[in-house]
Amino acid sequence: MSESSFDYSIVICAYNSDPRLLGRCLDAIYNINTVGLKVETILVDNNSPVPLNTVPYIQDYLNKIDGMKIILVKEQGHTFARIGGVKEAQGKHIVFFDDDNEPDVDYLIELDKLCKKYSHVTAWGPGNIWVDFIDGIDPSLEAYGRSVFQERHEPYMAYSNIRTWQSCYPFGTGMAVQTSFLKAYVKLQEEGVFTLPGRRGNLLSCGEDVQIVLYCLREGGSAGVAPELKLKHIIPAKRANVDYINRLLYGAYVCGSKSILEVFPEHREVLERSFLKASKLERRAFKKYFKLFFKGDIYKTFDFVSYLGNHCGIYDALKRPVPKRINWLIKKLKLA
């Protein structure tokens, strides 16, 4: 089949996935309403220790889901997995679901309505995301955890093309993008224009999702969310804890400046104004760090990690070496 032989290409990137999560994701894809639509599903195996095409429950879904196939991307990292999925996709739109996403049965039907009515909106995301802590979570962390893991409940559809981040822009979870924009974005990635690493190893970066949205805006599109698009984000115990949330926050903030600067070079002036010299950054960072020992407030720790990530991200975007004592803090807190 040639490009655009399908209306939608569902791309699921997976590495050594928890069967409880990926099983629910694939079951949702099996049950998703595709009446009147041509849909393919691409499961990207990012070099899992046990190849996904040999796992019995995945083989079952491979046989049950129409238009499903598994591709292998050996170079590990979320970015490489996505590139492989985008290159393979033959639909007019690509819908990214992670292996811990459980889309609503009418996700594609509602998405199709939006795409037809608002063709100038090139990136859509769910306006309703419920976080399911499948193994529970410490009650003191729950409210913050829901926010960090992208829970949102928007009352109405909204979109924009303003070149700074807006509250109506979609997160990576369940994001759908016109394929022509994504293939052009991937080409620039491979040419080294866009260099964000994505999630890999201990670094939990989500900058690639932000950058895709910003790229759509740069190229004349708009981005938005709609409450009709619904899904669950399934979070197991190994993520529902302080250490993981710290790394997630650091990863989100450390890539923010570069994700914007690579798309909009004129943003450099803003970053230069926000840049703190090494001595000032170290002085302020260690003052905040020592206060943590006396206050014992986990939310202050989250704020501190976000602060470190933001300023290290500015250093990285401006291609300046992160101060040694700041690197010591990053290692001490096991953030990367």
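Given the structure is predicted, the values throughout are model-derived calculations rather than measurements. (Residues numbered from 1 in each chain as written. Predicted model: local features only at pLDDT ≥ 70, side-chain atom pairs only at ≥ 80, totals over all residues. Heavy atoms only, no water.)

Engineer: Quick rundown of the nonpolar core? Include the residues and the values.
Structural biologist: Of all hydrophobic cores here, the largest spans 37 residues; its most connected members are Phe149, Tyr250, Leu308, Ile326 and Leu329. Among the elements that make up this core, the one with the highest residue count is helix α12 (residues 298–317) (9 residues). Look past the residues within four positions of Leu308 in its chain and what remains in contact with it is Tyr250, Ala285, Ile326, Leu329, Leu333 and Leu335. One finds Leu37, Met68, Val121 and Leu229 within the second-largest nonpolar core, a separate group that totals 34 residues. (Core = buried A, V, L, I, M, F, W, Y, C linked by side-chain atoms within 4.5 Å. Buried < 20%, exposed > 50% of the residue type's maximum accessible area, 1.4 Å probe, protein only. Helix = DSSP H or I, 4+ residues; strand = E, 2+ residues; numbered from the N terminus. Contact = heavy atoms within 4.5 Å.)

Engineer: Any chance you could break down the pattern of salt bridges for me, citing the residues and the numbers?
Structural biologist: This model, assessed by the stated rule, comprises 20 salt bridges. Of the charged contacts in the structure, one is a salt bridge between Lys113 and Glu110, with a shortest N-O distance of 3.5 Å. Here Glu110 and Lys113 lie together in helix α4 (residues 107–117), a separation of 3 residues that amounts to about one turn. With a closest N to O distance of 3.2 Å, Arg273 and Glu269 form a salt bridge. With Arg273 and Glu269 both in helix α10 (residues 268–274) and 4 residues apart, this pair spans about one turn of that helix. Through salt bridges with shared partners, one network takes in Asp18, Arg20 and Asp135. (Salt bridge = Lys/Arg side-chain N within 4 Å of Asp/Glu carboxyl O.)

Engineer: Any details on empty space enclosed by the protein? Residues and values, ideally.
Structural biologist: Enumeration according to the criterion identifies 1 cavity of 30 Å³ or more in this entry. In this structure, the largest cavity spans a volume of roughly 30 Å³. If you go around the largest cavity, the residues you meet are Arg82, Ile83, Val86, Phe96, Leu182, Tyr185, Val186, Gln189, Glu208 and Ile212. Breaking the lining of the largest cavity down by element, the ones donating at least two residues are α3 (78–88), α6 (179–190) and α7 (207–218). (1 Å grid on protein atoms, 1.4 Å probe; cavity = no way out; pocket = protein on both sides within 12 Å on 5 of 7 lines; lining within 4 Å. Points joined across faces, edges and corners; volume = space filled by probe spheres on them.)

Engineer: Can you tell me about the pairing of strand β1 (residues 6–14), naming the residues and giving the values?
Structural biologist: The element β1 is extensively covered by neighbouring structure, given that 9 of its 9 residues are classed as buried. Where β1 and strand β4 (residues 91–98) come together, 7 bridges link them in parallel fashion. Bridge pairing in β4 places Ile12 opposite Phe97. In the sheet, β1 pairs with strand β2 (residues 39–45) via 7 bridges, with the strands oriented parallel. When the bridges of β2 are listed, Ile10 appears paired with Thr41. Once the chain exits β1 it traverses helix α1 (residues 19–31) before rejoining the sheet at β2, and the crossover so formed is right-handed. (Pairing = 2+ DSSP bridges. Right-handed = clockwise from strand over helix to strand, strands pointing away.)

Engineer: Describe the packing of α1 against helix α2 (residues 56–64), and please don't skip the residues or the numbers.
Structural biologist: Running from N to C, α1 and α2 cross one another at 10°; their axes reach a closest spacing of 11 Å. One way to sum up the angle between α1 and α2 is to call them roughly parallel. Packed against α1, whose contacting residues are Pro19, Leu22, Gly23, Leu26, Asp27 and Tyr30, the element α2 presents Tyr57, Ile58, Tyr61 and Lys64 at the interface. For the contact of α1 with α2, the residue count by class is 7 nonpolar, 1 polar and 2 charged. (Axes fitted to C-alpha atoms, helices over the stretch in contact; angles between N-to-C directions. Parallel < 35°, antiparallel > 145°, perpendicular 65-115°, else oblique. Nonpolar A, V, L, I, M, F, W, Y, C, P; charged D, E, K, R; others polar.)

Engineer: Explain helix α5 (residues 139–148) residue by residue, including any values.
Structural biologist: All of the buried residues along α5 are Leu141, Gly145 and Val148. The arc that holds the buried residues of α5, viewed along the axis, is 55°, so those residues lie on one side. For α5, the exposed residues lying more than 90 degrees away from the buried face are Pro139, Ala143 and Ser147. Elements in contact with the buried residues of α5: β6 (121–133), α8 (242–254) and α12. Directly beyond the C-terminal end of α5, a positive phi value near 75° is found at Gln150. (Arc of directions from axis to C-beta.)

Engineer: Mind laying out the environment of Cys115, listing which residues take part and the relevant values?
Structural biologist: With respect to the helices and strands, the residue Cys115 is situated in helix α4. Setting aside anything within four residues of it in sequence, one finds Cys115 in contact with Tyr8, His93 and Trp124.

Engineer: I'd like to hear about a nonpolar patch on the surface, residue by residue, with values.
Structural biologist: A cluster of nonpolar side chains, contributed by Phe290, Phe293 and Phe294, occupies part of the molecular surface with about 430 Å² of accessible area. Among the structural elements, Phe294 can be located in helix α11 (residues 278–295). What makes Phe294 exposed here is its relative accessible area of 76%. (Patch = residues over 30% accessible without salt bridge, like charges linked within 9 Å, V, L, I, M, F, W, Y side chains within 5 Å. Areas by Shrake-Rupley, 256 points an atom, 1.4 Å probe, with all protein chains shown as cover.)

Engineer: Provide a residue-level description of the packing of aromatic side chains, including the pertinent values.
Structural biologist: Within the structure shown, the criterion is met by 20 aromatic pairs. Seen from their ring centres, Phe286 and Tyr289 are 6.2 Å apart, and the 80° between their planes marks the pair as edge-to-face. A residue pair is termed a helical-turn pair when its members lie 3 or 4 positions apart in one helix, as Phe286 and Tyr289 do in helix α11 at 3 residues. Under the relative-accessibility criterion, Phe286 is labelled buried at 9%. Three or more aromatic residues link up through ring pairs in this structure, and these residues are Phe286, Tyr289, Phe290, Phe304 and Trp328. The side chain of Arg152 reaches across the aromatic face of Phe171, ending 4.3 Å from its centre. A cation sits over an aromatic face here: Arg325 above Phe286, 4.3 Å from the ring centre. (Phe/Tyr/Trp six-rings, centres within 6.5 Å; stacked < 30°, edge-to-face > 60°. Lys NZ or Arg CZ within 6 Å of the ring centre and 35° of its normal.)

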